[in-house]
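Coordinate analysis (summary)
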Amino acid sequence: MSWYINAVFYELYLRAFNDSDGDGHGDFTGLRQKLDYLQWLGVDCIWLLPIYPSPLRDDGYDISSFFGIYPTFGFLEDFRMTVQEIHRRDMRIIADLVVNHTSDQHPWFIEARSNKNSPMRDFYVWSDNNERYKDARIIFLDTEVSNWAYDDRTEEFYWHRFYSSQPDLNYDNPGVRQEMINIIKFWMDMGIDGFRVDAVPYLFEREGTSCENLPETHNYLKEMRRFVDLNYPNSVLLGEANQWPSDLRPYFGDSDEFHMCFHFPVMPRLYMALAKGDRTPVVDILAETPEIPDNAQWATFLRNHDELTLEMVTEEDRQFMWDYYASDQRYRLNLGIRRRLAPLMGNDRRKIELLNSLLFTLPGAPVLYYGDEIGMGDDITQPDRNGVRTPMQWSGEANGGFSSAPVDRLYAPAINDPEYGYRSVNVAAQQGDPDSLLHTIRNMIQTRKRLPVLARARLQWLEDLPTNLLCFWRRDDDQTVLALHNLGGEAFTYTLPEGERFRDALDPDEAVGKTVTLPAYSYRWLQQVMD
Ligand code: NOJ
């Protein structure tokens, strides 16, 4: 089994994690100081958000040099040392690879817009009008009105699927395709274990199409995979394609495209199922999810550094989700909700655990978002998605122990309200309390790793139960787990199948009788005892 199939991933925003030199920004030295914590937690692989030089108009997803490190983060040597330190702890690291666009401050674009005959002109997509590719949707709906932006100097429009400060690269140009391979080589040679590949559906543009998921795009991604397989076996390419299951499936190809893809459609449905006290949305979307190749895996997640996207739900469900989870309009962003897990759950510990239990027991490799393991909150006063990217809360000390800088020098203030602020929610306090959320999540991680059946084995629903129960078997030749989840506000007593013995996988001291009572919003992981 390839390592990523049963790995637990941890998404980490370096700027927010740990500031070692008091400049108000997290850095590599700071991360190295916290690797013991991640190892203690049970993280197998760190996913590092962009760490490249950038004007930060999109928090680093707007890259101005692919071959460097953002100055406040450290030096390339720091990066290399960090990779070594991660490997020394038997963990792995993947980095974000932004393939679709650059910053408008990237030398390629500066050159390209300097004049129409520039040799770099064709690295980007230009047009003398803004009428082409009309069928492509706008993704950053709250900010952009068109996928074309006008360049005064050369009096043409350039194509951008995200912010206008992020011109799209032109993948019809073989030079661009080769440069991206060079970039992959550069970072893989530094020892990393793969990439989370950003915004992959949009590489090519073709008239009369949505300009998403085009065959040309798949062909190029396969080329990337070939290069990686040939030169860096045992690494992983994790694709970010926010698409419906049937459009996602081709990104795995025939084991010749991505090793992993995020399962975007299941994520909002976990929240929907809980809100409605009805398992149906989850059951239906998993029924619609096609089989993937044997050595491939879904990456599942509850929250990440973006808004909780509602792109992959119907209009009606989107409205429901907004009304339920973002009645305050300020929480709405584009087609989503800019909130963290704990506040989405109204800080109800039972519900936070319940969703995590689903994350760890449903098929896929779980990806945790930094800070959610301690139940961090969000900061609505921050613009865009910054409110879910606040400093990691390590302790009750100033700035949550994140930085010794004065508050006004921090890239963003640590959350400091009575409910979610660092004085009440922090790693130090929770590490010292065996009943804390942090310990509960850690136990889930450790247990999950002892139960590889949860990674890929087939799933069988307990269909006869009332709809507020989301219960299923996971079985392979070696292990059988019965995962029980009560999405409703009333307790339920479940009678276990006769003649079979179980033990509580999360709490081996807890006796399991003939029946199991599931209080409101609770869960149990029962492992069948094989004779
Ligand atoms: C997806 C990333 O997750 C998001 O943060 C970013 O803004 C866009 N891609 C554009 O790179």
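Worth saying up front: this structure is predicted, and the values here are computed from it rather than measured.

1. Here's the deal with the site of the ligand
- Taken together, Asp58, Tyr61, His101, Phe140, Phe162, Arg196, Asp198, Glu240, His305, Asp306, Arg385 and Arg389 make up the full set of residues adjacent to the ligand.
- His305 is positioned with one of its side-chain polar atoms (N or O) 2.8 Å from an oxygen atom of the ligand.
- Between the ligand and Asp306, the relevant distance is 2.5 Å, taken from an oxygen atom to a side-chain nitrogen or oxygen of the residue.
- If the ligand stood free it would expose 300 Å²; the protein chains cover 97% of that surface.

2. Considering the domain arrangement of the protein chain
- Here the protein chain is described as being made up of domain 1 (3–99 + 174–446), domain 2 (107–159) and domain 3 (457–528).
- Spacing between the C-alpha centres of domain 1 and domain 3 amounts to 29 Å.
- Taken together, the contact pairs 21 residues of domain 1 with 22 residues of domain 3.
- Both faces combined, the contact of domain 1 with domain 3 buries some 1900 Å², and carbon together with sulfur accounts for 66% of it.
- Looking at the side of domain 1 facing domain 3, the largest losses of area belong to Arg279, Leu354 and Thr361, adding up to 35% of the total buried there.
- Going through the elements one at a time, helix H9 (266–276), helix H10 (280–288), helix H13 (349–361) and helix H15 (437–450) are the ones with two or more residues in the side of domain 1 that touches domain 3.
- In terms of residue count, H13 provides more of the side of domain 1 that touches domain 3 than any other element does, eight residues in total.
- Looking at the side of domain 1 that touches domain 3 residue by residue, the classes come out as 11 nonpolar, five polar and five charged.

3. Details of the side chain of Glu373
- Structurally, Glu373 can be placed in the loop between strand E14 (365–369) and helix H14 (427–431).
- One polar contact links the side chain of Glu373 to the main-chain amide nitrogen of Gly371, over a distance of 2.8 Å.
- Once residues lying within four places of it in the same chain are set aside, the contact partners of Glu373 are Tyr10, Tyr37, Leu41, Met392, Gln430, Leu437, Leu438 and Ile441.

4. Re the packing of H13 against H15
- It is at 11 Å that the axes of H13 and H15 come closest, and there the two elements cross at 15°. With respect to H15, the element H13 is oriented roughly parallel. With respect to the hand of their crossing, H13 and H15 are arranged in right-handed fashion. In this structure, H13 contributes Arg349, Ile352, Glu353, Asn356, Ser357, Leu359 and Phe360 to the contact, and H15 contributes Leu437, Thr440, Ile441, Met444, Ile445 and Arg448.
- When grouped by side-chain class, the residues that make up the contact of H13 with H15 number seven nonpolar, three polar and three charged.

5. Focus: the environment of Glu490
- Mapped onto the secondary structure, Glu490 falls in the loop between strand E17 (480–485) and strand E18 (492–495).
- Among the residues examined, Glu490 registers a relative accessible area of 59% and is labelled exposed.
- The sequence separation of Glu490 and Pro519 amounts to 29 residues, and the corresponding C-alpha distance is 6.6 Å.
- Here Glu490 is in contact with Leu518 and Ala520, once residues within four sequence places are set aside.

6. Details of the environment of Ile110
- Relative to the elements of secondary structure, Ile110 occurs in helix H5 (residues 107–112).
- Sequence separation between Ile110 and Met120 is 10 residues, and the spatial gap between their C-alpha atoms is 8.9 Å.
- Setting aside anything within four residues of it in sequence, one finds Ile110 in contact with Asp104 and Gln105.

7. Observations concerning the pattern of salt bridges
- Applying the stated criterion to the full structure yields 34 salt bridges.
- Between Arg350 and Asp348 there is a salt bridge whose closest N-O contact spans 2.9 Å.
- For Arg350, a relative accessible area of 41% puts it in the partly exposed group.
- In the salt-bridge network here, residues are joined through shared partners; they are Asp58, Asp59, Asp306, Asp384, Arg385 and Arg389.

8. Things to note about the nonpolar core
- Membership of the largest hydrophobic core comes to 159 residues, with the highest contact counts inside it found for Tyr10, Leu38 and Tyr271.
- Setting aside chain neighbours within four positions, we find Tyr271 in contact with Leu302, Arg303, Leu308, Met321, Tyr325, Leu341, Leu344, Met345 and Leu355.
- In this structure, Leu462, Leu465, Tyr494 and Leu496 belong to the second largest nonpolar core, which totals 13 residues.

9. Let's talk about H10
- Those residues of H10 not exposed but buried are Pro281, Val282, Val283 and Ile285.
- Where the residues of H10 are buried, they touch helix H8 (245–248), H9 and strand E15 (458–461).

10. Concerning the sheet that holds strand E6 (residues 156–159)
- Taken in spatial order, the three strands line up as E4-E6-E5 in an open sheet, and their pairing is antiparallel. Here the strands that pair on one side only, and so sit at the sheet edges, are strand E4 (126–127) and strand E5 (148–151).

11. Observations concerning the packing of aromatic side chains
- Under the definition given, this model contains 42 aromatic pairs.
- Seen in terms of ring centroids, Tyr52 and Trp187 are 5.3 Å apart; in terms of plane orientation they differ by 70°. Their pairing is edge-to-face. In this pair, Tyr52 is assigned in the loop between strand E2 (45–48) and helix H4 (76–88) and Trp187 in helix H6 (residues 174–188), connecting sequence segments 135 residues apart.
- According to the relative accessible area criterion, Tyr52 is buried, its value standing at 3%.
- Overall, Trp187 belongs to the buried group, its relative accessible area being 0%.
- On the numbers, 5.8 Å between centres and 90° between planes, the contact of Tyr271 with Tyr325 is edge-to-face. Of this pair, Tyr271 sits in helix H9 while Tyr325 is found in helix H11 (residues 315–325), placing the two residues 54 residues apart along the sequence. With respect to class, Tyr271 is no different from Tyr325; both count as buried.
- A connected cluster of aromatic rings, assembled from ring pairs, spans Phe28, Tyr52, Phe67, Phe79, Phe186 and Trp187.
- For Arg15, the ring lying beneath its charged end belongs to Tyr70, and the centroid distance is 5.0 Å.

Criteria and thresholds
Residues numbered from 1 in each chain as written. Predicted model: local features only at pLDDT ≥ 70, side-chain atom pairs only at ≥ 80, totals over all residues. Heavy atoms only, no water. Near = heavy atom within 4 Å. Polar contact = N/O pair within 3.5 Å; in protein donor to acceptor, adjacent residues only side chain to side chain. Areas by Shrake-Rupley, 256 points an atom, 1.4 Å probe, with all protein chains shown as cover. Domains from an automatic or database assignment. Contact = heavy atoms within 4.5 Å. Buried area = accessible area lost by both parts, 1.4 Å probe. Helix = DSSP H or I, 4+ residues; strand = E, 2+ residues; numbered from the N terminus. Nonpolar A, V, L, I, M, F, W, Y, C, P; charged D, E, K, R; others polar. Axes fitted to C-alpha atoms, helices over the stretch in contact; angles between N-to-C directions. Parallel < 35°, antiparallel > 145°, perpendicular 65-115°, else oblique. Left-handed = near helix turned anticlockwise from the far one by under 90°. Buried < 20%, exposed > 50% of the residue type's maximum accessible area, 1.4 Å probe, protein only. Salt bridge = Lys/Arg side-chain N within 4 Å of Asp/Glu carboxyl O. Core = buried A, V, L, I, M, F, W, Y, C linked by side-chain atoms within 4.5 Å. Pairing = 2+ DSSP bridges. Phe/Tyr/Trp six-rings, centres within 6.5 Å; stacked < 30°, edge-to-face > 60°. Lys NZ or Arg CZ within 6 Å of the ring centre and 35° of its normal.

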